[in-house]
Amino acid sequence: MTWKLQAISAELAGQEISIDRDMLVGRHQAADIVLQSSEISRKHAAFLRVEDALWLQDLASSNGTFVNDTRISEQVLLKDGDIVQFASLKFSVLAPAVTLALDPALEQSVEQAVQDISPAKQMNEQGMPSLKERDASVQLSRDGMPTNVGVPKPAPIPEGVDLTAATPEPKPVPVEQPESHVEAAQEQQKNTTVGLMTVIAIIIIAVLAFVMFK
């Protein structure tokens, strides 16, 4: 895994430095990263690789080593996007791209799962087969309807059940006729009239008898 430094300062614009091991930064020609500037000490700082991590250490430089504008005196663990500075020269830290390695057995299982398509999915993708493809023995009529297709037999009739027996007719239910209040009133009025006429007749007979025998 290779870390990188990308120059920010104008005088170093466009430069990119790869750090794949411990590297010395300084003005001396023996340095791994040579920075030709009077501000840089002969042995200014050092990048240290510990496994996949990257550390930066100042080597008692005259103008200092900085990480994110903070001067350092001990080793500092760097991360992606940090700004390191040697005197006035600035660089951006670029962490290596992380690639996830799948376990071979897991990777094979994933590939197998992708290749195996369920029958339902195959049917959905291919469509339903035609009637001829499903059963070559089925003959079709001119209208496209299947012929010589067996019809399933109905379920047997339970013993003791007579389907020919006539269904008994329902018995009529007597309905009470509502009492007519009009007829009752007419009957009462008729009786009253007859009684009144009888009384009048009796009175007339009594008067006539009285007159005749006086």
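Residues numbered from 1 in each chain as written. Predicted model: local features only at pLDDT ≥ 70, side-chain atom pairs only at ≥ 80, totals over all residues. Heavy atoms only, no water.

A. Region of the structure containing the packing of aromatic side chains. The final tally for this structure, using the stated rule, is 2 aromatic pairs. Ring geometry for F47 and F86: centres 6.0 Å apart, planes at 85°, overall edge-to-face. With F47 in strand 5 (residues 45-50) and F86 in strand 10 (residues 83-86), this pair connects stretches of sequence that are 39 residues apart. One exposure class covers both F47 and F86, and it is buried. Chaining the aromatic ring pairs together yields one cluster made of F47, F86 and F91. (Phe/Tyr/Trp six-rings, centres within 6.5 Å; stacked < 30°, edge-to-face > 60°. Helix = DSSP H or I, 4+ residues; strand = E, 2+ residues; numbered from the N terminus. Buried < 20%, exposed > 50% of the residue type's maximum accessible area, 1.4 Å probe, protein only.)

B. Broad picture of the nonpolar core. Grouped together as the largest cluster of nonpolar side chains are 24 residues, with contacts concentrated most on L5, L35, F47, L56, V84, F86 and F91. Mapped onto this core, the elements with two or more residues apiece are strand 1 (3-7), strand 2 (16-19), strand 3 (23-26), strand 5, strand 6 (53-58), strand 10 and strand 11 (89-94). F47 has contacts with L5, I19, R21, D22, M23, V25, I33, L54, W55, L56, L78 and F86, leaving out every residue within four places of it along the chain. (Core = buried A, V, L, I, M, F, W, Y, C linked by side-chain atoms within 4.5 Å. Contact = heavy atoms within 4.5 Å.)

C. Looking closely at the pairing of strand 3. Covered by surrounding structure in strand 3 are M23 and V25 together with L24 and G26, the residues of both alternating faces. When strand 3 meets strand 5, the two strands line up antiparallel, connected through 3 bridges. Its bridge partner lying in strand 5, M23 is registered against F47. Pairing geometry for strand 3 and strand 4 (residues 33-34), over 2 bridges, is parallel. Following the sheet pairing, V25 is matched in strand 4 by I33. (Pairing = 2+ DSSP bridges.)

D. Seen up close, a nonpolar patch on the surface. Judged by side-chain polarity, L196, I200, I204, L208, M212 and F213 come together as a nonpolar surface patch covering roughly 700 Å² of accessible area. Mapped onto the elements of the fold, F213 is located in the segment after helix 4 (181-212). (Patch = residues over 30% accessible without salt bridge, like charges linked within 9 Å, V, L, I, M, F, W, Y side chains within 5 Å. Areas by Shrake-Rupley, 256 points an atom, 1.4 Å probe, with all protein chains shown as cover. Salt bridge = Lys/Arg side-chain N within 4 Å of Asp/Glu carboxyl O.)

E. View of the side chain of S61. Relative to the helices and strands, S61 resides in the loop between strand 6 and strand 7 (65-67). Side chain to side chain, S61 and D58 meet in a polar contact 2.6 Å long. Those residues in contact with S61 that lie beyond four places of it in its chain are S41, H44 and R71. (Polar contact = N/O pair within 3.5 Å; in protein donor to acceptor, adjacent residues only side chain to side chain.)

F. Geometry of the confidence of the model for the protein. A residue-level look at the protein finds 62% of positions with pLDDT of 70 or above and a mean pLDDT of 78. Here helix 3 (residues 131-134) stands out as the element of the protein with the lowest mean pLDDT, 51, in contrast to strand 7, whose mean of 97 is the highest. (pLDDT = per-residue confidence, 0-100.)

G. Just the side chain of D58, in detail. Topologically, D58 is positioned in strand 6. Only 2.5 Å separates the side chain of D58 from the side chain of T65, close enough to count as a polar contact. Setting aside residues no more than four positions away along its own chain, D58 makes contact with H44, A45, G64, T65 and I72.

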